[in-house]
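As a plain string of letters, each chain reads:
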Amino acid sequence: MKLAYALEYETELEFAGERMAAVIVAAGSSSRMQGMQKQQLPLLGVPVLARTLLAFQSSEQVSKIVLVAREGDLLWAQQLLEQYHISKCTDLLAGGASRSQSVAAGIARLGSDTRYALIHDGARPLVSAAVIARVAEAARETGAAACAVKVKDTIKRVDPDGFVRQTLLRDDLVAMQTPQGFLLENYRDALAKAGDASEFTDDCALLEAAGYRVKIVAGDYKNIKITTPEDIAVATAYLREEGQE
């Protein structure tokens, strides 16, 4: 589904001729939201997905946005793009049966005029401009990058019966976030090598399996993913802490 109104958008934003797109993935089933569609839930009056899109709309790093949504949400998503003036969005399309299929569909919409892509979860509405910039800059420098935060809790590996097998060194562990950024030719090469990407829990894992090194930069503990109803309360508290009402 091509958004005709968005095709008029043109940008002079380039980094040495190397344009960067953002692929926003919002096609999940919201299975842990007790019947609520998380992308549509309001955070101080603004839908979760709208806050995510506005973060990339205002980013100086991003020249275009591709939005991948659930098929049943396409009309709502198009209205959202118009209401919040997300002029950088050039494509709105239905996602696949899995996150990896949705990401691949979004990547397929990027043409030869785009060299890099940031992949971001639509349900991470509190991503900051600083985090987007760090990942974008690292992706340009290394070809594959992502943001993460240090793990605060002690992590243990357990066996199927629930007994501890190993205590992992916390200093070596990070919790992955998005955005994750890649040189497009690296991502496409990794996808071709994988064949079926559904086994990978994030996009970095896909690149790692293909032999690419991934640079980790500092994320933000506020860059939470809306997964359960409690997360809405947490995100709302963060916004109020920043003075948003």
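Our structure is the block above this text.
Keep in mind that what you see is a predicted model, and the values were worked out from it rather than measured.

Undergrad: Got a sec to walk through the nonpolar core? Specific residues and values, please.
TA: Formed by 35 residues in total, the largest nonpolar core has its most connected members in Ile24, Leu53, Phe56, Ile65, Leu67 and Leu118. Among the elements of the structure, strand S1 (19-26), helix H1 (48-57), strand S4 (64-69), helix H2 (74-83), strand S5 (89-94), strand S6 (114-121), helix H4 (129-142) and strand S7 (144-150) are those that each provide at least two residues to this core. Leaving out residues up to four positions away in the same chain, leucine 118 has contacts with Met20, Ala21, Ala22, Val23, Phe56, Val62, Ile132, Val135, Ala136, Pro179, Gln180 and Gly181. Listed in part, the 24 residues of the second largest apolar core include Ala144, Ala146, Ala190 and Ala197.

Undergrad: Just give me the short version of the layout of surface pockets, but keep the residues and values in it.
TA: Each pocket or cavity is described by its volume, and for the second largest pocket that value is around 240 Å³. For the second largest pocket, the lining is made up of 16 residues, of which Arg51, Ala55, Pro125, Leu126 and Val127 are closest to its centre. Breaking the lining of the second largest pocket down by element, the ones donating at least two residues are H1 and H4. Element by element, the count of residues in the lining of the second largest pocket is highest for H1, at three residues. Residue composition of the lining of the second largest pocket, by class: nine nonpolar, three polar and four charged.

Undergrad: Could you give me a rundown of the environment of serine 59, with the residues and numbers involved?
TA: The topology assignment puts serine 59 in the loop between H1 and S4. Here serine 59 falls in the buried class, since its relative accessible area comes to 5%. In this structure the C-alpha to C-alpha distance between serine 59 and serine 128, which are 69 residues apart in sequence, comes to 9.2 Å. One polar contact links the side chain of serine 59 to the main-chain amide nitrogen of glutamine 61, over a distance of 3.1 Å.

Undergrad: Tell me about the pairing of S7, and please be specific about residues and values.
TA: The buried count for S7 comes to six of seven residues, which makes it a mostly enclosed element. Of the pairings in the sheet, the one linking S7 to strand S10 (residues 174-183) comprises six bridges and is antiparallel in character. From the neighbouring strand, alanine 145 faces S10, where its bridge partner is glycine 181. Pairing of S7 with strand S11 (residues 215-218), which is carried by four bridges, proceeds in the parallel orientation.

Undergrad: Pulling in residues and values, what's your account of the pattern of salt bridges?
TA: Any two side chains of opposite charge can pair if their charged atoms end up close together. Across all of its chains, the model carries nine salt bridges by this definition. For arginine 109, the salt bridge identified is with aspartate 91, shortest N-O distance 2.9 Å. With arginine 109 in the loop between helix H3 (99-108) and S6 and aspartate 91 in strand S5, this residue pair connects regions lying 18 residues apart in the sequence. For arginine 109, a relative accessible area of 31% translates into the label partly exposed. We note a salt bridge from aspartate 121 to arginine 124, for which the minimum N-O separation is 3.3 Å. The class of aspartate 121 is buried, set by a relative accessible area of 6%. Take arginine 124: its relative accessible area is 10%, and that puts it in the buried class.

Undergrad: How would you summarise the packing of H1 against H2 if you had to cite specific residues and measurements?
TA: If you want to describe how two helices pack, look at the angle between their axes and the distance between the axes. Look at H1 against H2: their axes get within 11 Å of each other, and the N-to-C directions meet at 50°. The angle between H1 and H2 places the two elements in the oblique class. At the point where H1 passes H2, the crossing takes the right-handed sense. Contacts between H1 and H2 involve Leu49, Ala50 and Leu53 from the former and Trp76, Leu80 and Leu81 from the latter. Residues that form the contact of H1 with H2 fall into these classes: six nonpolar, no polar and no charged.

Undergrad: With reference to specific residues and values, describe H2.
TA: Since the α-helix packs 3.6 residues into each turn, any two residues three or four apart lie on the same face. All of the buried residues in H2 are Leu74, Ala77, Gln78, Leu80 and Leu81. Viewed along the axis of H2, the buried residues span an arc of 160°, placing them on a single side of the element. Away from its buried face by more than 90 degrees, H2 exposes Leu75 and Gln83. Elements that come into contact with the buried residues of H2 comprise strand S3 (46-47), H1, S4 and S5. Note on H2: the residue one or two positions beyond its end, histidine 85, has a positive phi of about 55°.

About the thresholds
- Residues numbered from 1 in each chain as written.
- Predicted model: local features only at pLDDT ≥ 70, side-chain atom pairs only at ≥ 80, totals over all residues.
- Heavy atoms only, no water.
- Core = buried A, V, L, I, M, F, W, Y, C linked by side-chain atoms within 4.5 Å.
- Buried < 20%, exposed > 50% of the residue type's maximum accessible area, 1.4 Å probe, protein only.
- Helix = DSSP H or I, 4+ residues; strand = E, 2+ residues; numbered from the N terminus.
- Contact = heavy atoms within 4.5 Å.
- 1 Å grid on protein atoms, 1.4 Å probe; cavity = no way out; pocket = protein on both sides within 12 Å on 5 of 7 lines; lining within 4 Å.
- Points joined across faces, edges and corners; volume = space filled by probe spheres on them.
- Nonpolar A, V, L, I, M, F, W, Y, C, P; charged D, E, K, R; others polar.
- Polar contact = N/O pair within 3.5 Å; in protein donor to acceptor, adjacent residues only side chain to side chain.
- Pairing = 2+ DSSP bridges.
- Salt bridge = Lys/Arg side-chain N within 4 Å of Asp/Glu carboxyl O.
- Axes fitted to C-alpha atoms, helices over the stretch in contact; angles between N-to-C directions.
- Parallel < 35°, antiparallel > 145°, perpendicular 65-115°, else oblique.
- Left-handed = near helix turned anticlockwise from the far one by under 90°.
- Arc of directions from axis to C-beta.

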